[in-house]
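# A structural walkthrough
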Amino acid sequence: MDDNLSGEEDGYYYSSDQESLNGLDNDQSLLQPLSSRTNTVKVITKESLLAAQREDLRRVMELLSVKEHHARTLLIHYRWDVEKLFAVLVEKGKDSLFSGAGLKVLENQPCDASVSRSSIVSCDICIEDVPGYQMTRMDCGHSFCNTCWAGHFTVKINEGQSKRIICMAHKCNAICDEDVVRTLVSKSQPDLAEKFDRFLLESYIEDNKMVKWCPSTPHCGNAIRVEDDELCEVECSCGLQFCFSCSSQAHSPCSCVMWELWRKKCYDESETVNWITVHTKPCPKCNKPVEKNGGCNLVTCLCRQSFCWLCGGATGRDHTWSRISGHSCGRFQEDKEKQMERAKRDLERYMHYHNRYKAHTDSSKLEAELSYSIRKKVSFSEKRELQLKDFSWATNGLHRLFRSRRVISYSYPFAFYMFGDELFKDEMSTEEREIKQNLFEDQQQQLEANVEKLSKFLEEPFDQFADDKVMQIRIQVINLSVAVDTLCKKMYECIENDLLGSLQLGIHNITPYRSNGIERASDFYSSQNSKEAVGEICQSSDCGTSGWTSRLDQALGSGNSEDTSCSSNKRARIDGSYRNSQTTLLDLNMPAEAIERK
């Protein structure tokens, strides 16, 4: 086995073991700031859902000094986007923030929402005189009897409007106090009150653009929360990987629009119709498609109708080798011929991309079995008396193989729509489309060739080889791992900068490439514990005054500028280096020797 690969690939490969380690040590991806390497995806289970909701409620309650139901109403209105809520507060002020969400908080309102208990008051809804203790007043100032309120709440909850039940008064859009709703409804219908609480709890997921249910089937019961960007691919604790933006399976570098079109195209009957159009002719009597199975141009349908295969016209059964009796069809029908040619061309183009997409998808499934084989070979090799004691390069190379194989697989649906007429027909000229297609296909072929080489070396029975041959395979696997990672990055850069560019970029955004693969979500409880630890460390040091907090203080009319806050980007520094409390992300190319030196 050659130590060196072809000269045209020298830009990606190293010729010796030491050079490969040096190249990995100099990998800039390992020098990224911690904020880009920490785990920003959290799993919210049924048990932690309430804690996750309470965290956002607490932030708003402390900042605005409001009750819990007011904070919940604000967050539901702004789809649980705390940062957006703070931005509106800074830009427009507290009054605009509250009025936009339908909140009317009376400054001098007494704590007791009931009217004077000793008086007799007339309810404006039922026109009944009732004692004051049976009347309830909302934050907006309107008072009605408890019976009318309870009936109103019951109707709204059954209609699915639990999250924003408005006041009964005419043209009043104020949101009712959830504590009052819960108290009045639970007296007569406890089950309905539980339903109301469940709706409020689940609103954190249903109305939150940064939180989504895991689309697993059967459902695992988990939800996923992202911290930074909703345009990402995540892995739930149940093992399912999916696109957070559209909740479909992970499909990068396809955009969500492209993947949805491709998925429908693969599962519906559009290509079956194309095949029928190309290979069959409709019977002129029963209109059923008929496939020709012989050389004679006189075809007979199952309904016993004979017709000419060339023109589709009905004929008699009398014919010779040269002609059909009483029939002549030498006239050229341009429209029908163009329609058949177009259908045939579209079918061939679809089959070209689908066959390659399917081939790489099937390869991924077969290579998944390599995981057990690699572990078995590594376990056996570690027991042998070899000079090489560490075989992490094999498992790292396997992970890189899975990642790059998936990229190649989904690059074919992307190319189908990028260079077809479905989406960008009027966005590019023919010459521009051809140039971009050649550029993309060159990178695609380079990546494909290196992935196949990596797969080949990983399938080698290195557990049966001598020391020198094992070292050669190790170098090749490490080199190829670096190569496919570099080529994947270049393909994504090509798609984002050279192909899509300004072509409807807002519609066809793609998930950024991650060398370490799709990020696995960490448990929400664990992340909370780490935040509390960071908070304690920050409180013991001089964190300074946050500019963002001071702006909020100005919006709230607070003159207190002495309060200090801890930046969320700060982490505890351990042994002179920043560490993530959940997991340390390592480059998949990194062998054990390089890891130990970190």
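Look a little higher up for the structure.
Just so it is clear, the structure is predicted and the values come from calculations on it, not from any experiment.

Here we take up the overall build of the protein. Along the protein, the regular secondary structure elements total 18 helices and 17 strands. Across the 598 residues of the protein, 43% fall into the buried class. A sequence separation of at least 24 residues applies to 62% of the contacts in the protein between residues at least 6 apart. Accessible surface computed for the protein: about 32,200 Å², of which carbon and sulfur atoms make up 48%.

As a further point, take the sheet that holds strand E14 (residues 519-520). Ordered by their spatial adjacency, three strands build an open sheet running E9-E8-E14, and the pairing between neighbours is mixed. Both outer strands of the open sheet, strand E9 (241-243) and E14, are each paired with one neighbouring strand and no more. The sheet contact formed by strand E8 (residues 233-235) and E14 spans two bridges and is parallel. Within the sheet, the bridge partner assigned to Val-234 lies in E14 and is Glu-519.

Further remarks concern helix H6 (residues 146-158). Helical geometry note: an α-helix holds 3.6 residues per turn, so side chains three or four residues apart project in the same direction. Taking 1.5 Å per residue as the helical rise, H6 with its 13 residues ought to reach 18 Å, and the 18 Å between its terminal C-alpha atoms agrees with that figure. Of the positions making up H6, those classed as buried are Asn-146, Cys-148, Trp-149, Ala-150, His-152, Phe-153, Thr-154, Lys-156 and Ile-157. Phi for Gly-160, located one or two positions after H6, is positive at around 80°.

Let's shift gears to empty space enclosed by the protein. The tally for this structure, following the rule as stated, stands at two cavities of 30 Å³ or more. Roughly 90 Å³ of volume is contained in the largest cavity. Along its surface, the largest cavity is lined by 13 residues, and Ser-162, Lys-163, Ile-175, Cys-176 and Glu-178 are the ones closest to its centre. The element contributing the most residues to the lining of the largest cavity is helix H3 (residues 68-77), with four residues. Shared between two domains, the lining of the largest cavity takes at least three residues from each, and those domains are domain 1 (48-101) and domain 2 (120-189).

What follows deals with the nonpolar core. Nonpolar side chains tend toward joint burial in soluble globular proteins. Counting 54 residues, the largest nonpolar core has Trp-393, Met-418, Leu-447 and Phe-462 as the members making the most contacts within it. Elements represented by at least two residues in this core include exactly helix H9 (256-267), helix H11 (334-367), helix H12 (370-383), helix H13 (392-418), helix H14 (430-458) and helix H15 (467-500). With 14 residues, H15 is the single largest residue contributor to this core. Ignoring sequence-local partners within four residues, the contact set of Met-418 consists of Met-258, Phe-424, Met-428, Leu-499, Leu-500 and Leu-503. Ala-52, Leu-85, Leu-89 and Val-211 belong to the second largest nonpolar core, which has 28 residues in total.

Looking now at the environment of Gly-316. Residue position: Gly-316 is located in the loop between strand E13 (306-308) and H11. Separated by 11 residues in the primary sequence, Gly-316 and Gln-305 place their C-alpha atoms 8.3 Å from one another.

It is worth spelling out the packing of aromatic side chains at this point. By the definition in use, this model includes 20 aromatic pairs. Ring plane angle 90° and centroid distance 4.9 Å describe the contact between Phe-416 and Tyr-417, whose orientation is recorded as edge-to-face. Comparing Phe-416 with Tyr-417, the two get one shared label, buried. The interplanar angle of 45° and the centroid separation of 5.2 Å between the aromatic rings of Tyr-492 and Tyr-513 together place this pair among those described as tilted. Taken as a pair, Tyr-492 in helix H15 and Tyr-513 in the loop between H15 and E14 lie far apart in primary sequence, 21 residues in all. On the basis of relative accessibility, which here comes to 3%, the residue Tyr-492 falls in the buried class. Under the relative-accessibility criterion, Tyr-513 is labelled buried at 15%.

The rules behind the values
Residues numbered from 1 in each chain as written. Predicted model: local features only at pLDDT ≥ 70, side-chain atom pairs only at ≥ 80, totals over all residues. Heavy atoms only, no water. Helix = DSSP H or I, 4+ residues; strand = E, 2+ residues; numbered from the N terminus. Buried < 20%, exposed > 50% of the residue type's maximum accessible area, 1.4 Å probe, protein only. Contact = heavy atoms within 4.5 Å. Areas by Shrake-Rupley, 256 points an atom, 1.4 Å probe, with all protein chains shown as cover. Pairing = 2+ DSSP bridges. Expected span 1.5 Å × (residues − 1). 1 Å grid on protein atoms, 1.4 Å probe; cavity = no way out; pocket = protein on both sides within 12 Å on 5 of 7 lines; lining within 4 Å. Points joined across faces, edges and corners; volume = space filled by probe spheres on them. Domains from an automatic or database assignment. Core = buried A, V, L, I, M, F, W, Y, C linked by side-chain atoms within 4.5 Å. Phe/Tyr/Trp six-rings, centres within 6.5 Å; stacked < 30°, edge-to-face > 60°.

By themselves, these observations are geometric and do not establish any function.
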